[in-house]
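# Survey of secondary and tertiary structure
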Amino acid sequence: MTSLPGGTDQGSSTAGHGPVLCARCGTLADGPEPVTWTCSVENGVRQYFCDTCSRENLRAIEGRLDSSWW
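Next up on the list: the overall build of the protein. When its secondary structure is counted, the protein shows 2 helices and 2 strands. Of the regular secondary structure in the protein, the N- to C-terminal order runs β-β-α-α. Carbon together with sulfur atoms contributes 51% to the accessible area of the protein, which is approximately 5,200 Å² in total.

Structure below.
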C-alpha cells in the first residue's frame, strides 16, 4: 500500500468515515478496514476491493505494479 506525503491518504475510507464498500461491486465490508481486501490508492483516493473482485482481477492488478514489487 502506498501513502501520500504526510502519511495520510486524502478521501480515504477508514474507520470513522462510514462503511467500507468494494469500489467495483459495492459489497459492504464486515469491519472498518477489512484486512483480506485489496487496497489501492488511485488519484489520491483510497479504494478497497473485496476478495472476490480482487481474485477475479488479479492479473490486471499485478500488471500495474513495478517489477520491484514482484
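Relative to the helices and strands, Q47 is located in strand β2 (residues 45–49). Separated by 25 residues in sequence, Q47 and C22 place their C-alpha atoms 7.5 Å apart. Ignoring anything within four residues of it in the chain, the contact list for Q47 reads A23, T38, C39, S40 and E42.

Attention now goes to the confidence of the model for the protein. Averaged over all residues, the pLDDT of the protein is 76; the fraction at 70 or higher stands at 69%. Put simply, helix α2 (residues 58–63) is where the protein has its lowest mean pLDDT, 82, and helix α1 (residues 51–56) is where it has its highest, 92.

Right, let's talk about the pairing of β2 for a bit. Pairing between strand β1 (residues 38–42) and β2: 5 bridges, direction antiparallel. Note on β2: the bridge partner recorded for C39 is Y48. Between β1 and β2, which pair antiparallel in sequence order, lie 2 residues; one of them, N43, sits at a positive phi of approximately 55 degrees.

The next subject is the environment of A29. Structurally, A29 is set in the segment before β1. Sequence separation between A29 and P19 is 10 residues; the distance between their C-alpha atoms is 7.1 Å. Those residues in contact with A29 that sit more than four places away from it in its chain are V20, P34 and W37.

The rules behind each value
Counting starts from 1 at the beginning of each chain's written sequence and moves along it residue by residue. Predicted model: local features are reported for residues with pLDDT of at least 70 only, side-chain atom pairs are reported and counted for 80 or more only, and whole-chain, interface and lining totals are derived from all residues. As a rule here, side-chain values come from all non-hydrogen atoms in the structure, and water together with hydrogens is ignored. A run of H or I in DSSP becomes a helix once it reaches four residues, and a run of E becomes a strand once it reaches two; helices and strands are each numbered from the N terminus. Areas reported as accessible are Shrake-Rupley estimates using a 1.4 Å probe. Residue values count occlusion only from the protein chains shown. We call two residues in contact whenever any of their non-hydrogen atoms come within 4.5 Å of each other. pLDDT expresses, on a scale from 0 to 100, how confident the predictor is about each individual residue. Two strands qualify as a pair provided that DSSP identifies no fewer than 2 bridges between them.

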